[in-house]
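Understanding the architecture of this molecule
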Amino acid sequence: MSAENLVEISSLDFAYEDRPILDGISLRIPRGKVVAIMGGSGCGKTTLLRLIGGQLKPSRGEVLVDGQSVPHLDEEELYALRRRMGMLFQFGALFTDISVFDNVAYQMREHTDLPEELIRDMVLMKLNAVGLRGAHGLMPAELSGGMARRVALARAIALDPMLIMYDEPFAGLDPISLGIIGQLIRRLNDALGATTIMVTHDIQESLLIVDYIYFMSDGKVVALGTPDEIRASQHPFVHQFVFAEADGPVPFHYPAVPLAHELLGSAAHGGR
Amino acid sequence: MAGDSRATGRIATMLGSIGHRVTDGLIRLGFATRFFLMILLGSGQSFRRLHLTIREIYFAGFQSLLIILVSGLFIGMVLGMQGYETLQRYGSADALGVLVALSLVRELGPVVAALLFASRAGSSITAEIGLMKATEQLTAMDMMAVNPIARVVAPRFWGGVISMPLLAALFSATGILGGYLIGVVFIGVDEGAFWSQMQASVDFRYDVWSGIVKSFVFGIAVSLIAVFEGYDALPTAEGVSSSIKSTVVKSALAILALDFVLTSFMFREA
Amino acid sequence: MSRKLLDLWVGVFVVLGMAAMLFLALKVGNLSAANFAETYPLRANFVNIGGLKVRAPVKSAGVVVGRVAEIHFDPESYEAVVTLNIDGRYRFPKDTFALILTAGLLGEQYIGLDPGGDEVMLKASDVIAKTQSAVVLEKLISQFMFNKASEGQSDK
C-alpha cells in the first residue's frame, strides 16, 4: 500500500445472501482528494461505503483504510477507526429526540472527557462552518431538508475525521441547498485536510467539486477519471449518464420477452 | 391418478410450509437469544451512566402510572362487588379481603399490569427503536463508534425490567384499596375482619413474593420482546407499524403462557 | 425536560412502587406477624392427618407459634410424619399434646399444642409423643348412625 492512498480496495466481492452486489471492485482514494463514486440506483454504491466503514463484511477481497484491513479488525479496533471517520447519511439521520446542538456535541460527549464549555465552543464553531450557528437550539423536526443535511454534516465532522463519507448528499434538495452542500463538501475537505468519498448519482453537481470519479455499474467499475476526462469520455455508459439519456447501455426496459410475443401469447399465459 | 398426485403435492406443500414456519421461528428465537446476550454484555453502560436508564424508567414506568393506577382501582372495585355478591350467599362476606387480595397479588396484579405495560410502554419502545432504525439513526450511531445496543437498547430494556415489578405492586395495592372502598366503605363489610382475614391468609413468601417474581419475569419478557421487535423491524413505515402490533400480540401471549408455567411451579404444593 | 425534573419524577415513581410493595408485605401479607426470625423443628406422628396441609398454622392457646413445614408418609409405621417449625422464642414441655383441630365446622385444619407439666423441655428435632389425629367427619357420622341403629335395636 502506498502512503498517498488513504483507502485501497482490491478485487472486492460482496453478496446479499445469493444476490451478488459487488463483483471484483478495485479502487484507490488518494489522501486529501474528493472522490465521487457514481452509478445508477441500486448498483452497490451505498454497500461500498458500508464495507469501507466496516458495517458489512466482504465475501472476498480487501479493504484497507489508513493501512488497516477493515474486515479483519475486531470490534474495538473498528470503533477506534470509526472515530476517525465521519459519515453523512442520505437523509441526515439526525437524532430526533435531542436538539441540533446536542446532535453535534454527541460524539464529543461520548468519546472525549472535554469540559462542557470547550464542547460548547467546538459545537458552535462546527455549526458556524455550515452556517447554522443560530439554529443550535432547534430540534431536528424544525429544520428544512437542506438545513438538516448541513447539521448532519457538522455532526459528521465533529471530531475532525481523516475520512468523510457522504451517502447521496444531494438527494431531495432544492437547487440552492444543493449548491451550498456541494461547496461545503469541497471547503470542509480542504479546511480539515481530510479525504472525501462521495456516493451520488448527481453528475452535474459532482463534476464541479470533485477531483476524481469512479463509475459503477452492475457491481463493477466501468469508467474512471478526472471531471474533464469524464466530460470528454466516449464510453457509452458514461455518455448516457452525463447527458442523462433515457436509453443506452442502461436499457429503458426491464428485461422481458418481446412485446408482440407477450401480447399475442397472453391468452395462453392467462390460463394458468 | 392425477388427483392422487395433486393431493400428494398439496400435502407436500403443506408440510413444507409448516417446516418453513418452524425453522423460521427457531431462527428468530436464536436471534432473540443472541440479542439478549448482546444486551447483557452491553449493559455496563446502562448502570455506569445511570441517567440513560433513569430516563427510560421515566418513559416506561412513570408514564404508565396513570393507566396502571386507574385500572387497578377499577379492577379492585369490581372484585369487591363481585366477591361480596358471591361470598355473602355462603355467609362468609368477612373473607372478602382474602379474595380480593389473593386474586390481585397472585394473578391479576402481575398479569394485568404486564398486559397494560406491554401495550402502553412496550409498543412505544418498539416504535421508538424501529423509527430510529428506519431513519438510519442506529446505523449513524454505529458509524460514530457508539454501540447502539449498549446506548439505545440496553437502557430501554433495563428501564422496563425495573419498572415492571413496581407497576405490578402499585396495581395490586390500588386494587386492594379499591376492594376496601367498595367492600368496607360502601357495602359495610366489617373493617377488622377484612384486614385480619386477609393478613391471616396472604402469606408473604408464597403469595406476595411469588407475585413480585412473576412481574419481574414478565418485565424481562415484555421488555425483551419490545426492544427486539423494534431492533428487528423492517426499516419502513409499514415495517415499524407491524412490529408494534407484533410486540403487543407476542407480549400478551408470552405473559399468559409464562403465567401458566410460573403458577404451576409456584403453587404446586399449596 | 430537564434532567433534574426527570430524576425527580423517577424518584417519585420508585418511592411509590416501593411503598406499594411494603404495603403488600406488611399490611396485606403477614410478613410482620408470621415469619419468625428463628425456628426450630419438632416432629409428630399422626395416624390420620385429615386435610392438614403444609404451611398450616401451629397454635397454642389460640396464638400462632409455628407452621407445618413438611408432611410425609412413613411406610414402616403407616403413619403420617409431620414436621413443625416452631418459633424460637417458645419452648414446650416434653409431654406436650399435639392435636389436629379444625377452625369452625368446615374451616381449615391446624395443629394445636396443649402443653403438659413436664419439667424437661422439647429440643430441636424431638418427637412429640402424644398426638391425636384429625377428626374425620365421615367416620364421625357413620359412628353416630351405627350407634343410633344399635340403640334402636336394643329398644325393641
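Just so you know, the residues in each chain are numbered from 1, in the order the chain's sequence is written. Think of it this way: whatever chain is written first is A, whatever ligand is written first is 1, and the rest follow in order. Restriction of local features to residues with pLDDT of at least 70 applies here, the model being predicted, together with a cutoff of 80 or more for giving and counting side-chain atom pairs; totals for whole chains, interfaces and linings are based on all residues.

1. Concerning the overall build of chain C
Within chain C, the regular secondary structure consists of three helices and eight strands. Residues are called buried when their C-beta atom has 20 or more other C-beta atoms within 10 Å, exposed when it has 12 or fewer, and partly exposed otherwise; all C-beta atoms are positioned from the backbone. Out of the 156 residues in chain C, the part that is buried amounts to 22%. The long-range share in chain C, meaning contacts at least 24 apart out of those at least 6 apart in sequence, stands at 63%. Each helix is a run of H or I in the DSSP string that is no shorter than four residues. Each strand is a run of E no shorter than two, and both are numbered from the N terminus. Each residue is represented by a C-beta atom placed from its backbone, and any two residues with such atoms within 7 Å are regarded as in contact.

2. Considerations on the overall build of chain A
Broken down by element type, chain A carries 11 helices and 10 strands. When its C-alpha atoms are laid out on the principal axes, chain A stretches across 75 × 45 × 45 Å. Counting every position in chain A, which comprises 272 residues, the buried fraction comes to 36%. Across chain A, the fraction of contacts at a sequence separation of at least 24, relative to all contacts at a separation of at least 6, is 64%.

3. A short note on the arrangement of the chains
Summarising the chain contacts, two pairs of chains touch, and the pair with the most contacts is chains B and C. As for chain C relative to chain A, no contact occurs, and the smallest C-alpha gap between them is 11 Å.

4. A closer look at the domain arrangement of chain A
The accessible area lost on association of the parts is a frequent measure of interface size. Residues and elements named next belong to chain A. Note that domain bounds follow an automatic or database assignment of domains. Annotation of chain A at the domain level lists domain 1 (5–100 + 160–233) and domain 2 (237–272). Domain 1 and domain 2 are separated by 31 Å when their C-alpha centres are compared. The interface of domain 1 with domain 2 comprises 10 residues on the first partner and six residues on the second. Every element with two or more residues in the side of domain 1 that touches domain 2 is listed here: strand 9 (212–217), strand 10 (220–225) and helix 8 (227–232). Residues are grouped as follows: Ala, Val, Leu, Ile, Met, Phe, Trp, Tyr, Cys and Pro are nonpolar; Asp, Glu, Lys and Arg are charged; every other residue, Gly included, is polar. Taken together, the residues of the side of domain 1 that touches domain 2 break down into six nonpolar, three polar and one charged.

5. Looking at the sheet that holds strand 1 (residues 39–46) of chain C
Residue and element names in this part refer to chain C. Pairing within the open sheet is mixed, and its eight strands lie in the order 7-1-4-3-2-6-5-8. For this open sheet the edge positions go to strand 7 (127–128) and strand 8 (130–132), each flanked by a neighbour on one side alone. Relative to strand 6 (residues 109–114), strand 2 (residues 57–60) runs parallel, the two being bridged by two bridges. Within the sheet, the bridge partner assigned to Val58 lies in strand 6 and is Ile111. Strand pairing is assigned whenever DSSP identifies at least 2 bridges connecting the two strands.

6. Describing the packing of helix 5 (residues 145–156) of chain A against helix 6 (residues 175–192) of chain A
Residue and element names in this part refer to chain A. Angles shown run from 0 to 180 degrees and are taken between the N-to-C directions of axes, each axis being a line fitted to C-alpha atoms and, for helices, limited to the stretch in contact. At a minimum axis distance of 10 Å, the contact between helix 5 and helix 6 shows a crossing angle of 10 degrees. Between helix 5 and helix 6, the crossing angle belongs to the class labelled roughly parallel. Packed against helix 5, whose contacting residues are Gly146, Arg149, Arg150 and Leu153, the element helix 6 presents Ser177, Ile180, Ile181 and Leu184 at the interface. Of the residues contributing to the contact of helix 5 with helix 6, the split by class is four nonpolar, two polar and two charged. If an angle is under 35 degrees, it is roughly parallel; if it is over 145, roughly antiparallel; if it lies from 65 to 115, roughly perpendicular; otherwise it is oblique.

7. Let's talk about the domain arrangement of chain C
The domain boundaries assigned to chain C delineate domain 1 (1–33) and domain 2 (36–142). Distance between the C-alpha centres of domain 1 of chain C and domain 2 of chain C: 39 Å.

8. Things to note about the interface of chain B and chain A
With 10 residues of chain B at the contact, the number on the chain A side is 15 residues. By residue class, the composition of the side of chain B that touches chain A is five nonpolar, three polar and two charged.

9. Some words on the sheet that holds strand 2 (residues 19–30) of chain A
All names here are of chain A. As summarised here, the arrangement of the four strands in space is 2-1-4-5, forming an open sheet in which the pairing is antiparallel. Each edge of the open sheet carries a strand with a single partner, namely strand 2 and strand 5 (68–69). As judged from the two bridges shared by strand 4 (residues 60–65) and strand 5, these two strands associate in the antiparallel manner. Among the inter-strand pairings, Val65 is bridged to a residue of strand 5, identified as Gln68.

10. Some words on the nonpolar core
Soluble, globular proteins show a tendency: their nonpolar side chains are buried together. All names here are of chain B. Nonpolar core, as used here: buried Ala, Val, Leu, Ile, Met, Phe, Trp, Tyr and Cys residues forming one set through C-beta atoms within 7 Å. If you look at the biggest cluster of nonpolar residues, it comprises 154 residues, and the most contacted ones within it are Ala114 and Val222. It is helix 5 (residues 96–134) that contributes the most residues to this core, 19 residues altogether. Contacts of Ala114, omitting those with residues within four sequence positions, involve Met164, Ala168, Ser215, Phe218, Val222 and Ile255.

11. A closer look at helix 4 (residues 65–87) of chain B
If you check helix 4 of chain B, its first and last C-alpha atoms are 32 Å apart, about what 23 residues at 1.5 Å a residue would give, namely 33 Å. For helix 4 of chain B, every residue scored as buried is listed here: B:Ile68, B:Leu69, B:Gly72, B:Ile75, B:Gly76, B:Met77, B:Leu79, B:Gly80, B:Gly83 and B:Tyr84. Here a helix's expected span is defined as the number of its residues, less one, multiplied by 1.5 Å.

12. A few points about the pairing of strand 1 of chain C
Residue and element names in this part refer to chain C. Here strand 1 runs beside strand 4 (residues 79–87); their pairing, made up of eight bridges, is antiparallel. Note on strand 4: the bridge partner recorded for Thr39 is Asp87. Sheet topology places strand 1 next to strand 7; two bridges connect them, and they run parallel. Opposite Ala44, over in strand 7, you have Ile128 as the bridge partner.

13. Looking at the interface of chain C and chain B
Taken together, the contact between chain C and chain B spans 22 residues of the former and 29 residues of the latter. The set of elements that each furnish at least two residues to the side of chain C that touches chain B consists of helix 1 (3–28) and helix 2 (31–34) of chain C. Looking at the side of chain C that touches chain B element by element, the count peaks at 15 residues for helix 1 of chain C. Here the side of chain C that touches chain B is composed, by residue class, of 15 nonpolar, four polar and three charged.

14. Here's the deal with unusual backbone geometry
The backbone of B:Ala145 sits at a positive phi, close to 65 degrees, despite the residue not being glycine. Turning to its location among the elements, B:Ala145 is positioned in the loop between helix 6 (137–143) and helix 7 (148–187). Backbone geometry places C:Ala61, a non-glycine residue, at a positive phi of 55 degrees. Relative to the helices and strands, C:Ala61 resides in the loop between strand 2 and strand 3 (63–74). Among the residues examined, C:Ala61 registers 9 C-beta atoms within 10 Å and is labelled exposed.

15. Some details on the environment of A:Ala191
Along the chain, the position of A:Ala191 falls in helix 6. Note: C-alpha distance between A:Ala191 and A:Arg109 (82 residues apart in sequence) is 23 Å.

16. A word on the pairing of strand 8 (residues 195–200) of chain A
Residue and element names in this part refer to chain A. When you tally the buried positions in strand 8, you get six out of six residues, the bulk of the element. Here strand 8 shows two buried faces, one formed by Thr195, Ile197 and Val199 and the other by Thr196, Met198 and Thr200. Relative to strand 8, strand 3 (residues 34–39) is paired through five bridges, and the arrangement is parallel. From the neighbouring strand, Met38 faces strand 8, where its bridge partner is Thr200. In terms of handedness, the path from strand 7 (residues 163–167) via helix 6 over to strand 8 forms a crossover that is right-handed. Seen with the strands pointing away from the viewer, any crossover whose path from the first strand over the helix to the second strand runs clockwise is right-handed.

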